[in-house]
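Here is how the chains run, residue by residue.
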Amino acid sequence: QVQLVESGGGLVQPGGSLRLSCVASGSIVSINAMGWYRQAPGKERDFVARIWSGGLTYYADSVKGRFTISRDNAKNTVYLQMNSLKPEDTAVYYCGADYTAGSFKYWGQGTQVTVSS
């Protein structure tokens with residue numbers, strides 16, 4: 001089992017920045033990838049970014065050039081640096097770990113990000 005705890009969400013004005021963190025614990029040796037999804041009210045959970053254990057990254061088109069995913073293996077932590085935030089980025093952001101069959105096996109509880117003036 002893997003436990004994930006997210007932090008760093010909050011309220012920010014359009015054009016602002018936030019950094020989300022996700023700390024993994026438990027059976028983390030076998031984790032092949034970690035990443036982020038988000039879910040806006042009334043919508044499905046959508047892919048945001050993923051980083052593999054070797055460092056390869058993937059991003060949704062909607063966040064390319066604005067968001068950066070990174071990981072600190074020594075701290076078992078993955079980060080999502082979000083710049084130039086837009087109101088449409090408002091959602092609950094979920095951290096995931098151990099990518100299999102097109103999704104993550106483990107999920108955090110989510111952290112709210114609200115972009116509003």
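Residues numbered from 1 in each chain as written. Predicted model: local features only at pLDDT ≥ 70, side-chain atom pairs only at ≥ 80, totals over all residues. Heavy atoms only, no water.

Draft legend 1. Examining the nonpolar core more closely. Residues Leu4, Met34, Trp36, Leu80, Met82 and Tyr93 are the most contacted members of the largest nonpolar core, which totals 28 residues. For Leu80, the residues in contact, after removing those within four places along its chain, are Leu18, Arg19, Leu20, Trp36, Val48, Ala49, Phe67, Thr68, Ile69 and Tyr93. (Core = buried A, V, L, I, M, F, W, Y, C linked by side-chain atoms within 4.5 Å. Buried < 20%, exposed > 50% of the residue type's maximum accessible area, 1.4 Å probe, protein only. Contact = heavy atoms within 4.5 Å.)

Draft legend 2. Structural view of the packing of aromatic side chains. Counted by the stated rule, this structure contains 6 aromatic pairs. Here the aromatic rings of Tyr37 and Phe104 are separated by 5.9 Å at their centres, their planes lie at 80 degrees, and the arrangement is edge-to-face. Here Tyr37, found in strand E4 (residues 33-39), pairs with Phe104, found in strand E10 (residues 103-107); they are 67 residues apart in sequence, far enough to count as distant. Summarising the aromatic geometry, the rings of Trp52 and Tyr99 are spaced 5.6 Å apart at their centres and angled 80 degrees between planes, so their arrangement reads as edge-to-face. Here Tyr99 lies in strand E9 (residues 91-100) and Trp52 lies in strand E5 (residues 45-52), a separation of 47 residues in the sequence. Members of the aromatic cluster, each reached through a chain of ring pairs, are Tyr37, Phe47, Trp52, Tyr99, Phe104 and Trp107. Here Arg45 stacks its cationic end above the ring of Tyr94, 3.7 Å away from the centre of that ring. Seen from the ring of Trp107, Arg45 lies directly overhead, with NZ or CZ sitting 4.7 Å from the centre. (Phe/Tyr/Trp six-rings, centres within 6.5 Å; stacked < 30°, edge-to-face > 60°. Helix = DSSP H or I, 4+ residues; strand = E, 2+ residues; numbered from the N terminus. Lys NZ or Arg CZ within 6 Å of the ring centre and 35° of its normal.)

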